[in-house]
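Now for the letters of each chain:
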Amino acid sequence: MYKYRIDTEYFSQRIQCSRDDKYECLRTIQFLAEVENVYHSGGVAAVDRLLETEPTKFSAVFLYRAVELFMDVKSSQQIRTVLYNRIITSNFVGAQFLNGVVITEALCAILDKESSDYIFNFLIPSFFGIDFEDNARQAYRDFRRSKMKLQGS
């Protein structure tokens, strides 16, 4: 699996964060949904244009590097290995850890051609805990609603 296996105890200790931290991570869900949408409609070149045209969305170093890796590497296993190594060696905890896991798993699922509904209604919300899953799903629904409004205008 991963070069450095993350056991359940390590994972559960690191991912703990406040509701406020989780709310901050909801923006990441919307951004990843945008990456997924752009990737499926225009491929790597479209994602590269997104990086160039909206640099403020990529201001977080981990996110920027993760998307670069996503564009360059075509193996979800390699992406997972590199990003989890960065999460571990950077000693991420709390919101940083949650954000890192969400970014890693979403990008791998996108690359593996999982359906966006599965990724953003089941996979990603599962990292937020039962009491916050609906908020994570709502972030995706809000993205889809805003995308539909833009297409309708």
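Refer to the structure presented above.
In this text, all values refer to a predicted model and were calculated from it rather than measured experimentally. Throughout, residues of each chain are indexed from 1 in the direction in which the sequence is written. Given that the model is predicted, a residue must reach a pLDDT of at least 70 before its local features are reported, and side-chain atom pairs must reach 80 or more before they are shown or counted; all residues, however, enter totals for whole chains, interfaces and linings. No hydrogens and no water enter the side-chain calculation; it runs on all heavy atoms of the structure.

K.L.:
Which residues make up the state of the cysteines, and what are the values?
P.N.:
By disulfide we mean two sulfur atoms from cysteines, separated by a distance within 2.5 Å. The tally for this structure, following the rule as stated, stands at zero disulfides. Of all cysteine sulfurs, the one in C25 lies closest to C17, which takes part in no disulfide; the gap is 5.7 Å. Its relative accessible area of 18% is what places C17 among the buried residues. Between C108, a cysteine without a disulfide, and C25, which holds the nearest cysteine sulfur, the sulfur-to-sulfur distance is 17 Å. Burial classes follow relative accessibility: with a 1.4 Å probe on protein chains only, a residue under 20% of its type's maximum area counts as buried, one over 50% as exposed, and anything between as partly exposed.

K.L.:
Now, about helix α5 (residues 94-111): what can you tell me, with residues and values included?
P.N.:
Only DSSP runs of H or I with at least four residues qualify as helices, and only runs of E with at least two residues qualify as strands; both kinds are numbered from the N terminus onward. The span you would expect from a helix comes to 1.5 Å times its residue count less one. Taking 1.5 Å of rise per residue, the 18 residues of α5 would be expected to cover 26 Å, and the 26 Å separating its terminal C-alpha atoms lies within 8% of that figure. Directly after α5, the chain includes K113, whose backbone phi takes a positive value near 65°.

K.L.:
Give me the nonpolar core: which residues, what numbers.
P.N.:
Counting residues in hydrophobic clusters, the biggest one holds 51 residues, and the most contacted among them are I29, I124 and F128. Those elements that place two or more of their residues in this core are α2 (19-53), α3 (61-72), α4 (76-89), α5, α6 (116-123) and α7 (133-152). Among the elements that make up this core, the one with the highest residue count is α2 (13 residues). Contact definition: two residues touch when any of their heavy atoms are within 4.5 Å. Setting aside residues no more than four positions away along its own chain, F128 makes contact with K22, C25, L26, I29, L98, V102 and A136. By nonpolar core we mean a set of buried residues, namely Ala, Val, Leu, Ile, Met, Phe, Trp, Tyr and Cys, connected to one another through side-chain atoms within 4.5 Å.

K.L.:
How would you explain unusual backbone geometry if you had to name every residue and give the values?
P.N.:
Generally, phi is negative for residues other than glycine and the peptide bonds are trans, each holding for most cases. Phi at N91 takes a positive value of approximately 60°, unusual for a residue other than glycine. Within the secondary structure, N91 is located in the loop between α4 and α5. In this model, K113 sits at a positive phi of 65°, which is unusual for a non-glycine residue. Mapped onto the elements, K113 comes out in the loop between α5 and α6. Since its relative accessible area comes to 66%, K113 is described here as exposed.

These values are about where atoms sit, not about what they do.
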